[in-house]
Amino acid sequence: MMIPYGKQDISAEDIAAVSEVLRSDFLTQGPVVPKFEKAVTEAVKAKYGVAVNSATSALHIACLALGVGPGDRVWTSPVTFVASANCALYCGADISFVDIDPDTYNLCPKALEQKLIVANDEGTLPKVIIPVHLAGQSCDMEAIAALARQYDIRVIEDASHAIGADYAGDAVGSCRFSDITVFSFHPVKIVTTAEGGVAVTNNLQLAERMQRLRSHGITRDPELMTKAPDGAWYYQQIELGFNYRMTEMQAALGLSQMQRLSLFVERRRGLAKRYNELLSDLPVTLPQQLADSASSWHLYIVRFHLEKIEKTHSQIFDECRAAGIGVNLHYIPIHLQPYYSDLGFKQGDYPAAEAYYANAISIPLFHSMTDAQQDEVVRVVKEIVL
Ligand SMILES: *Cc1c(COP(=O)(O)O)cnc(C)c1O
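## Focus on the overall build of the protein
Next up, step 1: Summing up its helical and strand segments, the protein has 14 helices and 15 strands in all.
Next up, step 2: Rg of the C-alpha trace for the protein: 21 Å, near the compact-globule value of 21 Å for 386 residues, within the 12% margin.
Next up, step 3: Expressed along its principal axes, the backbone C-alpha trace of the protein runs to roughly 75 × 60 × 40 Å.
Next up, step 4: Here the protein holds 386 residues, and 55% of them are scored as buried.
Next up, step 5: For the protein, the proportion of contacts with a sequence separation of at least 24, taken over those separated by at least 6, is 72%.
Next up, step 6: Carbon and sulfur atoms make up 52% of the accessible area of the protein, which totals about 16,600 Å².
Next up, step 7: Both charge centroids of the protein, one from 33 positive and one from 45 negative side chains, sit 3 Å from each other.

## What about the pattern of salt bridges?
When their charged atoms lie close together, side chains carrying opposite charge are able to pair.
Next up, step 1: Counted according to the given criterion, the structure contains 20 salt bridges.
Next up, step 2: With a closest N to O distance of 3.0 Å, Arg 260 and Asp 14 form a salt bridge. Remark: Asp 14 occurs in helix α1 (residues 12–22) and Arg 260 occurs in the loop between α8 (248–258) and α9 (261–278); sequence separation between them is 246 residues. The same class applies to Arg 260 as to Asp 14, namely buried.
Next up, step 3: The residue Glu 319 makes a salt bridge to Lys 311 at a minimum N-O spacing of 3.0 Å.
Next up, step 4: Look at Glu 319 and you get partly exposed, because its relative accessible area is 31%.

## Quick word on the pairing of strand β8 (residues 180–184)
As a general feature of sheets, a regular strand has side chains that alternate between the two faces.
Next up, step 1: A large share of β8 lies buried, amounting to five of its five residues.
Next up, step 2: Of the two faces of β8, the one carrying Ile 180, Val 182 and Ser 184 and the one carrying Thr 181 and Phe 183 are both buried.

## Looking at the pairing of strand β9 (residues 197–201)
Next up, step 1: Extensive coverage of β9 is indicated by the burial of five of its five residues.
Next up, step 2: Burial of the side chains of β9 extends over both faces: Gly 197, Ala 199 and Thr 201 are buried on one face and Val 198 and Val 200 on the other.
Next up, step 3: The sheet contact formed by strand β1 (residues 48–52) and β9 spans five bridges and is antiparallel. Within the sheet, the bridge partner assigned to Val 50 lies in β9 and is Ala 199.

## Description of the packing of aromatic side chains
Each pair of aromatic rings is reported with the distance of its centres and the angle of its planes.
Next up, step 1: All chains considered together, the criterion is met by twelve aromatic pairs.
Next up, step 2: Where Phe 36 meets Phe 185, the ring centres are 5.2 Å apart and the plane angle is 75°; that geometry is what we call edge-to-face. In this pair, Phe 36 sits in helix α2 (residues 32–44) while Phe 185 sits in the loop between β8 and β9, placing the two residues 149 residues apart along the sequence.
Next up, step 3: With relative accessibility at 0%, the residue Phe 36 sits in the buried group.
Next up, step 4: According to the relative accessible area criterion, Phe 185 is buried, its value standing at 0%.
Next up, step 5: Ring centres of Phe 242 and Tyr 244 lie 4.8 Å apart, and the angle between their planes is 10°; on these two criteria the pair is classed as stacked.
Next up, step 6: Taken together, Phe 97, Tyr 339, Tyr 340, Phe 345 and Tyr 350 form an aromatic cluster joined through their ring pairs.
Next up, step 7: Positioned over the ring face of Trp 75 is Lys 115, at 4.9 Å from the centre of the ring.

## A look at the side chain of Arg 214
Next up, step 1: Residue placement: Arg 214 occurs in the loop between α7 (204–213) and β10 (218–219).
Next up, step 2: A relative accessible area of 15% means that Arg 214 is categorised as buried.
Next up, step 3: Within polar-contact distance, the side chain of Arg 214 engages the side chain of Glu 37 at 2.9 Å.
Next up, step 4: In contact with Arg 214, other than residues within four places in its own chain, are Glu 37, Val 50, Ala 51, Val 52, Ile 61, Phe 242, Asn 243, Tyr 244 and Arg 245.

## Things to note about α8
Next up, step 1: For α8, the tally of buried residues reaches nine of eleven residues, placing the bulk of the element in the interior.
Next up, step 2: Looking at α8, one finds that the buried residues are Glu 248, Gln 250, Ala 251, Ala 252, Leu 253, Gly 254, Ser 256, Gln 257 and Met 258.
Next up, step 3: Each element contacted by the buried residues of α8 is listed here: α1, α2 and α9.

## Describing the site of the ligand
Next up, step 1: By nearness alone, 15 residues border the ligand, and Thr 56, Asp 158, His 161, Ser 184 and Lys 189 come closest of all.
Next up, step 2: Residue Tyr 331 places a side-chain N or O atom 3.1 Å away from an oxygen atom belonging to the ligand.
Next up, step 3: For the ligand, whose accessible area on its own is 380 Å², the fraction buried by protein is 93%.
Next up, step 4: Those elements that place two or more of their residues in the shell around the ligand are α3 (55–65) and α4 (83–90).
Next up, step 5: Classifying every residue of the shell around the ligand gives five nonpolar, eight polar and two charged.

## Points about the packing of α3 against α4
Next up, step 1: Interaxial distance between α3 and α4 falls to 9 Å at its minimum, and their mutual angle equals 45°. Taken as axis vectors, α3 and α4 run oblique relative to one another. Of the two elements, α3 crosses α4, and the hand of that crossing is right-handed. Facing Thr 56, Leu 59, His 60 and Cys 63 of α3, the residues of α4 in contact are Ala 83, Ser 84, Cys 87 and Tyr 90.
Next up, step 2: Residues that form the contact of α3 with α4 fall into these classes: five nonpolar, three polar and no charged.

Criteria and cut-off values
Residues numbered from 1 in each chain as written. Predicted model: local features only at pLDDT ≥ 70, side-chain atom pairs only at ≥ 80, totals over all residues. Heavy atoms only, no water. Helix = DSSP H or I, 4+ residues; strand = E, 2+ residues; numbered from the N terminus. Rg over C-alpha atoms; globule rule 2.2 N^0.38 Å. Buried < 20%, exposed > 50% of the residue type's maximum accessible area, 1.4 Å probe, protein only. Contact = heavy atoms within 4.5 Å. Areas by Shrake-Rupley, 256 points an atom, 1.4 Å probe, with all protein chains shown as cover. Lys, Arg positive; Asp, Glu negative; His and termini not counted. Charge placed at Lys NZ, Arg CZ, Asp CG, Glu CD. Salt bridge = Lys/Arg side-chain N within 4 Å of Asp/Glu carboxyl O. Pairing = 2+ DSSP bridges. Phe/Tyr/Trp six-rings, centres within 6.5 Å; stacked < 30°, edge-to-face > 60°. Lys NZ or Arg CZ within 6 Å of the ring centre and 35° of its normal. Polar contact = N/O pair within 3.5 Å; in protein donor to acceptor, adjacent residues only side chain to side chain. Near = heavy atom within 4 Å. Nonpolar A, V, L, I, M, F, W, Y, C, P; charged D, E, K, R; others polar. Axes fitted to C-alpha atoms, helices over the stretch in contact; angles between N-to-C directions. Parallel < 35°, antiparallel > 145°, perpendicular 65-115°, else oblique. Left-handed = near helix turned anticlockwise from the far one by under 90°.

Here is the structure:
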């Protein structure tokens, strides 16, 4: 039996909540989606939440709501899931990347500052920056937000990994340092709706725009119409939107799961602390944490000192898998993907991201992981590296 790198936790209450929706009058666009949105906004201390069918959709409509379109530029980290960059391309904008901080693996504020100075001189400043809270640890948002203010750039936090995390005394998602924050509820993430995402914001206009974009660009608000309604049935499509709606079943699962958010994060923090202790004497670099951040620990990423271990990266990976440890790698730097090479990106563009990719491996971490399972992971890793 493989110990997976991540796994959802489904309780009897979760199953009952989904079943109840199936027996109700609404399978989509009913009362549970707004309840789930409220549970998320209350947990992360944001004013408005817009639930959609994935974080990818949330990133797309977040970009559109901020006015991203052809001719605009969006910057993100190269070490993230492809969705963080694809959202800009969906809008017809250009994408570029800011290299990572070699210690936290998050978008590096110093690299950002340097790139902004050049872009300012060349007239190629981005409209939006998308910092990604890798593994659940917040980026250095104070520094990023200060630069964004200086150059008049909007910020979307990709917090797909970071529900339940804290930064600078606030929950990630409070949007103190951003316009919009996006969460993912895919089963590998901390809280799941099977497929699902929520965009949160403190700006009513942005929330209303995203609500419209998730449902075809249609409005029922007479104030926004070009003429008086023809009758009570009337609606108008005033821009081009999508069908990105979340179902009631998904929302019911998410609402039930959100009751256990603090339990989930508490257990993950406990497991991470235990890994920190049990792996401390090995030829590896363990996850480094900023003083003012408390990660939600979506992932536990280890970097192997290959020169000391005298094995290749993929040998270590294969030996873990062969021993029943379901390791993974987050992520192949996006600029090295063939689709992005075709856009002109190449090996050597982001050296810190490439160095990270050369020796990083995510080892198992999930809510229901037992201490015995964790001990087994540690035993196997020790055997491979010592
Ligand atoms: C999972 C993930 C996404 C996409 O989430 P979906 O809900 O699967 O669309 C985007 N960004 C990051 C960093 C992710 O980990």
